[in-house]
Every structure is written in structure tokens, then in C-alpha cells.
Amino acid sequence: NGALCQCGEKRREHCSVALGDYFSTAIVNRWVSAQHSSEYPTDAFGEVQFAGASKRHSYFLRLSCSTRPSTIYNLMTNHWHLPTPNLVVSVVGGEGRAKMKTWVRELLRKGLVKASQRAGAWILTTGLREDVGRCVGEAVRDHSTAASSDSLNTVVAVGIAPWGVVHNKEQLVNPQGSFPARYCTRDSVRDSFRLDNNYQAFLLVDDGSVGRRGGDTVFRTNLEEYISHQRTGMYGSGTIDIPVLCMLISGDTGMFERVDLSLKSSIPWLVLAGSGGLADFLTDLLESTSSASVLQSSSECDSEPGPSVDLKEEVAERVKKHFPAESENNKLVEQALSIYQSRHLILIYYAEQESPTDFDTVLLKVLVGANKQRVSVGGSPHIEELKLAVAWNRVDIAKSELFNGDIQWRYKDLAESMLDVLINDKSQFVQLFTENGLNIVDYLTYGRLEQLYGSVPDSTLLYQLLQRRLVVRLGTTAAGPAAASEIKSPSKLTVENLESGPVADITLFEVSGVLDLLLGDICQPFYYDVLGLADICSKRKALKRASKHLREDRSYKDRRCLYPWASLFIWAVLQNRSEMATFFWEM
């Protein structure tokens, strides 16, 4: 009756600019976000506190659907300080009026969340207090309560939802930012949903629509693809890109496009057979459809082969069977055919054949299967599986699946992951590698030792001390009038110099300086013989020679470390890594 705009908002809620006839004689038949909405700086961001819930605040941001994923990922990891994920599981589907099945809830609780905690994963859902979003939120809450305080990994639950469906979203609006916004979770009305207080962060994607789902689809897909090209580990020090996996629960016909978009970006999918909707359709399609006549050769020599007529008919029949009320069958058939071409990236999960407690093994199987498609000629899928086990710190999987005597590991295969396990404090893998063919004498060169010191987290005292020594060597004005006085009193350095990050690589000279600061004159300077400073007694002269020598010649980096275990022991002690230091001391 004209009360609503096509965007879903009431006409009276629009400002006069939106209601005016600014399209001249053009007839607008269909509202399109890109054409009929405008972008402005965000007016809803900061932290949100849920009334009546815990005192813990969650981060939130209202953003445009066209915002660059790189901007958001950097915000999440650098500003919100969410830990870099070793795995991202994006749970899709499960929304709507249909009640979620009990076994799906149990799988999310006992399988997904536990596996994500062990892997150090992010779980992406809508973050809304309904269906999958609510179930994942409650599972994360219960698991966090039961998990031991010394657990290495935490599960980060991130909600990505359309801004237009969030109930009471007006409480989040403040152009200056909210620290925190107070969010009251009263009963929501039709076509709007409350935020779930068990999530650490919310990305609320605004495409201009109100009360309508789907506005977040393209952004979420782009974010998943971007993350899949970032490295695991501290500061991206891992040996693999962050594995991203989409998990389909039920789903309506609107999910066809979502699945197709991700598959075209080579994101693997885990489909829960028996959960209903699109999940059951894809199970039927992949398990029953014959692959013998998938492609037909085109008569044109320069044309690509396409799906056969038989396959199209077979897919069309299954679309009618699973979605009888759907009118746009031709579009769904085309999307289903496109999905079928990427079937190697889809794994069907049967709940009756697998235990929820083994879900992490299932995830590993899916990701290894997807990686096999991308392994270069001469590459080994076992190496990819090892990298995943290292990223998730699952030494139990590595021992049972990879180091059980069936695979002959080469030195270079293990050396590739060794830097990852050292930097990211995975002492059990260090022991496993050294027991299975990695000779530490061959591995630890002075260059690699410098890499280890260069990877020290910037939140540690060791990092600050190394940076102060580095500033002294580089002779910056902040180092003070005399290098000798700075050696005794590094606190004169300005905070700005330290926070600006390293301006050059950390060398053994900085390491030697820190050890001298901590140990005094109870022992001779460390690494002076390596740096060619063994004949110098004066610290001032040593600084002068090192400053010149390290600019011109760093050939010592390729030499083997003379005392590898002792050097690693000192490196671990300086970072207070007791378990790793104990192993190095024993060695």
C-alpha cells in the first residue's frame, strides 16, 4: 500500500532526499543497493556491553558491504587484538523457521567448538541469537567455562550479520564511538534478531536494506577468501596460509549462490548430510549423480566443454524433488551445475558414521583433501598434512598419522616447519622433529638464530631491550650523546622510537648487548668471536666496529651455530618459555 520502501524500511523513516524524484523520467522498478543507497563514514563502532549478561565487552562495527576485507582483518587482529587464527570455520545455513535437529546441536557443541579450541580457530556465524548463531554461542560459552585456565588456544566466535536485521540497533549508534554501548536484549520483533552476548566481535554489514537477509553474503565471502591467503602463526610466521572451511547446515535456495561463490575461490565445504534443505540436496546430487557423462565435448574446437544434457536433466529432476515450491528452477539448475564442477572441494559428513569427538580429524581430512588439489608436481600431501597439524599444535595427530613409521621423512621436509614450531612455542613438535631426522647441528645457523630473536613478540621485555640496543648501534639521535652512557641507561630512549617498530634486522650484536646487560661481567661477551670482535675489550670500540662491519658483511649468517642447544636454551629462557627451555637444557 505504499507504506514501505523497496529497501524494506518504512517510507516515513526516510529523509526527504530519499523520497524526492531525483531519477527524472527513469522508471525504477527494483531497488538495488549499489544504485539507490549512499555510503557515509560509520556511525556505530566500539564495544558493546549486554545488559544482564557478563561484564565482558564485545567489539562491534557497522560497515558497508563494499568495505575492503584487508581493512577489517587488520582491524580485528591489530586493533581488537583477536589472536591470529590457525583455522577459520564459517558456519552457513541453519536459519529460518525450521527447528534445528538435536544431533546437529550436539555436533556443534561436542565437535565443532572443541575442535576449534584445540586448533586455535575462529568460528564465523551470523552472531544472532537464533538457530545456529545461538547454538554456537552457547557452545562457546559452555566450553570456555569448562576449559582449563592454562589452555593455549581460545575459540574466537565472530558474528557477521546484516545491519538491517539487528534488533535495537539504534542503541549501537554513536558517531563518536561507543566504549561501551549498552545493549538491551528484550524480545525481538518479526524480521529482527538480537545479538548473542557470547561472541567476541560483531561485523554488522549494511547494504541499505532493512529486515532482509543476504546483505552480508558478498562481504563475508570476500573476507573468507582474504583470510585464506594470510599466514598462520605469530605475525604470519607459519608455513601455511590460514585454512578456511565452510560448513553447511540445511540452507534454503538463497544459499546456492553463497556456496557457488566460495567454491570459485577454492574454499572447501563440509556438508552435513541429513540436516535438511540445501545440505540434503547437495548430498543427493554428489552421491547419486553419475560422473561418467559429466562433460560433453563441444563441436567448436575453441570452445570449452560443458555439462552434458543428461547431467542437466538429472540435476533439474533433483531440484524439483527437493525444492518443489521454487519457481526459478532454471537459475537453480545452473548454480547447481556450477557447484557440481567443484565437487572435489566438497565433503559429505554423515553423523551416524562419525563421532562428534573426532570432528577435528574430519576437519583435517577435508582441508588435506582440498590441499591435494593444489599440491605442486612433486609435492607431497603428507607435508601439507604436517603443516596443518603444526598450525593446530596437534602433536597427537602428527604421531598417529604421520610419524608412525609408514613415511620416510627427509631433513628438508621437517626443516621447513621447524622455524614455525620454534617461533610459536610448540615444544612437543621440536622434540618430535629431532627424534625423526632433523639434526639441530645442521639446522641452526647464526642467520636462523637471528631470525628467532627478530620474531620476539613486541609485548615482551626482551623485545624492548633488543630494540634499545638496535637504536644504539644505528646511532640515532634518540640514543643520546654517548653510546657508553646508553649501554648503562637505555631508559633515555623515547617511547616513540620503540613503538615505531624495528628499523633494521636484529643481529647477534644486539643479543650480545642484552645478555651483557643482564649478566654483567660474570662471563665473556656472547657471539663476539662470530662477529669478529673477540680482540676488542672496549665496549665503545666494539660498538663502532660492529656498526661498520654489520653494514658491509654478514657472511657469518650461513655458518652453523657452534653450540646450538645452548643458544636455543638462552633464547627460550629470555622469553620465559619454561617447557621449551627445559627440553633444550636436557639436550
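Each remark here, short or long, concerns the structure printed above.
Residues numbered from 1 in each chain as written. Predicted model: local features only at pLDDT ≥ 70, side-chain atom pairs only at ≥ 80, totals over all residues. Heavy atoms only, no water.

Draft legend 1. Examining the state of the cysteines more closely. Throughout the structure, instances matching the rule amount to 0 disulfides. The thiol of Cys5 is not disulfide-bonded; the next cysteine sulfur, from Cys7, is found 3.6 Å away. By relative accessible area, which is 2% here, Cys7 ends up buried. (Disulfide = S-S within 2.5 Å. Buried < 20%, exposed > 50% of the residue type's maximum accessible area, 1.4 Å probe, protein only.)

Draft legend 2. Here's a closer look at the environment of Ala273. Mapped onto the secondary structure, Ala273 falls in the loop between strand S9 (269–272) and helix H8 (277–288). Judged by its relative accessible area of 10%, Ala273 is buried. Linking Ala273 and Thr283, residues 10 residues apart in sequence, is a C-alpha distance of 6.0 Å. Ignoring anything within four residues of it in the chain, the contact list for Ala273 reads Trp103, Asp280, Thr283, Ile348, Tyr349 and Tyr350. (Helix = DSSP H or I, 4+ residues; strand = E, 2+ residues; numbered from the N terminus. Contact = heavy atoms within 4.5 Å.)

Draft legend 3. Quick look at the environment of Ala34. Position of Ala34 relative to the elements: it lies in helix H2 (residues 33–36). Ala34 gets classed as exposed once you look at its relative accessible area, which sits at 72%. Measuring from C-alpha to C-alpha, the distance between Ala34 and Asp207 comes to 8.0 Å, with 173 residues separating the pair along the chain.

Draft legend 4. Representation of the sheet that holds strand S3 (residues 87–93). Here 10 strands make up an open sheet; going across it, the order is S6-S1-S2-S7-S5-S4-S3-S8-S9-S12 and the pairing mixed. Of all strands in the sheet, those with a lone pairing partner are strand S6 (178–183) and strand S12 (346–349), marking the two edges. Pairs of neighbouring strands in the sheet enclose a mean axial angle of 25°, with direction left out of account. When strand S1 (residues 45–50) meets S6, the two strands line up parallel, connected through 4 bridges. Within the sheet, the bridge partner assigned to Val48 lies in S6 and is Ala181. (Pairing = 2+ DSSP bridges. Axes fitted to C-alpha atoms, helices over the stretch in contact; angles between N-to-C directions.)

Draft legend 5. Spotlight on a nonpolar patch on the surface. Judged by side-chain polarity, Leu517, Leu518, Leu519 and Ile522 come together as a nonpolar surface patch covering roughly 370 Å² of accessible area. Accessibility expressed as a relative area gives 49% for Leu518, which makes it partly exposed. (Patch = residues over 30% accessible without salt bridge, like charges linked within 9 Å, V, L, I, M, F, W, Y side chains within 5 Å. Areas by Shrake-Rupley, 256 points an atom, 1.4 Å probe, with all protein chains shown as cover. Salt bridge = Lys/Arg side-chain N within 4 Å of Asp/Glu carboxyl O.)

Draft legend 6. Structural detail: the side chain of Thr221. Inspection of the secondary structure puts Thr221 in helix H6 (residues 217–227). A polar atom in the side chain of Thr221 sits 2.8 Å from the backbone oxygen of Thr217. Dropping the residues within four chain positions of it, Thr221 is found in contact with Arg258, Leu261 and Ser262. (Polar contact = N/O pair within 3.5 Å; in protein donor to acceptor, adjacent residues only side chain to side chain.)

Draft legend 7. Spatial organisation of unusual backbone geometry. The linkage connecting Phe179 with the following residue, Pro180, adopts the cis geometry, with an omega of 0°. Structurally, Pro180 is set in strand S6. Even without a glycine there, the phi angle at Asp425 is positive, about 60°. When you line up the elements, Asp425 lands in the loop between helix H14 (411–423) and helix H15 (427–435). Taking the relative accessible area as the measure of exposure, Asp425 reaches 33% and is therefore partly exposed. You will see that Tyr527, though not glycine, has its phi angle at about 65°, which is positive.

Draft legend 8. Representation of helix H7 (residues 255–264) in the model. Here H7 lies mainly inside the structure; 7 of its 10 residues are buried. Listing the buried residues of H7 in full gives Met255, Phe256, Arg258, Val259, Asp260, Ser262 and Leu263. Positive backbone phi, at 65°, marks Ser266, one or two positions downstream of H7.

Draft legend 9. Looking closely at the packing of aromatic side chains. Applying the stated rule across the entire model yields 17 aromatic pairs. Seen in terms of ring centroids, Tyr73 and Tyr226 are 5.9 Å apart; in terms of plane orientation they differ by 65°. Their pairing is edge-to-face. Highlighted residues: Tyr73 in helix H3 (residues 69–79) and Tyr226 in helix H6, separated in sequence by 153 residues. Take Tyr73: its relative accessible area is 6%, and that puts it in the buried class. For the pair Phe583 and Phe584, a centre-to-centre distance of 6.0 Å together with 50° between the ring planes defines the contact as tilted. Residue classification places Phe583 among the buried residues on the basis of a relative accessible area of 8%. When its relative accessible area of 2% is taken as the criterion, Phe584 is described as buried. Through a chain of ring-to-ring contacts, the aromatic side chains of Phe50, Tyr183, Tyr199 and Phe202 assemble into a single cluster. If you follow Arg343 out to its NZ or CZ, it ends over the ring of Tyr340, 4.5 Å from the centre. (Phe/Tyr/Trp six-rings, centres within 6.5 Å; stacked < 30°, edge-to-face > 60°. Lys NZ or Arg CZ within 6 Å of the ring centre and 35° of its normal.)

Draft legend 10. Structural view of the side chain of Thr77. With respect to the helices, strands and loops of the structure, Thr77 is situated in helix H3. Residue classification places Thr77 among the buried residues on the basis of a relative accessible area of 14%. For Thr77, the contacting residues outside a window of four places in its chain are Leu82 and Trp122.

Without other data, these values stay purely geometric and don't point to any function.
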